[in-house]
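# Commentary on secondary and tertiary structure
Chain residues, written in single-letter form:
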Amino acid sequence: MCNIYKISSFLSLLFAMLITTDSKAQNKILNIRNFDNEVIHWGYSIGLNVYDFKIVPKKNSKGLNSNGAAQVYSIPQPGFSVSLITDFRLNSFLNLRFEPFLSYTKRKIVFDYITSSKKDRERNITSNYINIPISLKIRANRIDNFRLYISTGIIYAINISSNESKSVDNLNGTFRTTSNNVFYQFGLGVDIYLTYFKLSPVLKLIIGSNNELVPDNKSDSQWTSSLSSIYSRALILSLTFE
């Protein structure tokens, strides 16, 4: 996920440069100047995501080598997210937002200690999350047609592709995860006020709070017996239209 973190740093710098440059301009025309006074408004967003697993191996298991390094790791792959937005104005700097969104993503877990075959060593995991979040949007002062903001919230996430209820497990090539999950969400973005609508590039960090591991049916499974827990984490880069 290091490339995504580099992108987030670049975007933060870009947002600051945009506002600094624009604030020096003279005779700026304020677009949709009364937009932020609306008590309620709606919108939508589309974006790209990268989901990963934080994997915690059990102590004294095959999941750790003799030096204590993890022998199990996750490889993230890009996906996409779409959402609808309902925004309630609380005051000049705070908004309460309800942003249900769908996330489609793929991840791969590699068990380096399994040497029998690639088929046994790797598990491809597809996740389709129905996310039901509620968040606070904390806004800075508007400078001309730009306004920086941060957000924080909590998400109830339903993974409809978790395979939790299935009886098959890794012995049949199926890695199971929990269907019901709770994530924390943190965001950084900038509102850009255009002539007829508001455009907002935003980067969100999502951190899972619950263990999503569903153990295999056999307690001595070569896959899940070495794992203590797995937690989702993600970065979502999206464009919001309001």
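Higher on the page you've got the structure.
Just so we're clear, the structure is a prediction, and the values are computed from it rather than from any experiment. (Residues numbered from 1 in each chain as written. Predicted model: local features only at pLDDT ≥ 70, side-chain atom pairs only at ≥ 80, totals over all residues. Heavy atoms only, no water.)

### Overview of empty space enclosed by the protein
As a reminder, the rule being used: Space inside and on the surface of the protein is sampled on a 1 Å grid over the protein atoms alone, with a cavity defined as a set of points where a 1.4 Å probe fits but cannot get out and a pocket as an open set with protein on both sides within 12 Å along at least 5 of 7 lines; lining residues have an atom within 4 Å of a point. Grid points are joined across faces, edges and corners, and a volume is the space filled by probe spheres set on the points. To qualify as a helix, a DSSP run of H or I must reach at least 4 residues; to qualify as a strand, a run of E must reach at least 2; elements of each kind are numbered from the N terminus. By the convention adopted, Pro, Cys, Tyr, Trp, Phe, Met, Ile, Leu, Val and Ala count as nonpolar, Lys, Arg, Asp and Glu as charged, and the other residues, Gly among them, as polar.
The full count for this structure, using the stated rule, is three cavities of 30 Å³ or more. Each pocket or cavity is described by its volume, and for the largest cavity that value is around 90 Å³. Surrounding the largest cavity, S45, I46, G47, S81, V82, S83, E99, F101, K204, I236 and S238 form its lining. At the level of secondary structure, the elements contributing two or more residues to the lining of the largest cavity comprise β1 (40-57), β2 (72-89) and β9 (227-241). Its residues assigned to classes, the lining of the largest cavity shows four nonpolar, five polar and two charged. For the second largest cavity, the full set of lining residues is R97, E99, K137, Y149, S151, V202, K204 and T240. Mapped by element, the contributors of at least two residues to the lining of the second largest cavity are β6 (146-159) and β8 (198-208). Across the lining of the second largest cavity, the residue classes tally to two nonpolar, two polar and four charged.

### Concerning the pairing of β8
Which entries qualify depends on this criterion: Working definition: with a 1.4 Å probe on protein chains only, accessible area under 20% of the residue-type maximum means buried, over 50% means exposed, and in between means partly exposed. Two strands pair under a simple rule: DSSP has to find at least two bridges between them.
Most of β8 is tucked away: nine of the eleven residues are buried. When strand β7 (residues 180-193) meets β8, the two strands line up antiparallel, connected through nine bridges. If you follow Q185 over to β8, its bridge partner there is I206. Between β7 and β8, which pair antiparallel and follow one another directly, the connecting turn spans four residues. The pairing of β8 with β9 spans nine bridges and is classified as antiparallel. Looking at the pairing, L203 lines up with L237 of β9.

### What to know about the pairing of β9
Sheet topology note: the β1/β9 ladder contains 14 bridges and is antiparallel. Bridge pairing links Y51 to A234 in β9.

From the geometry alone we can't say anything about function, so treat these as descriptive.
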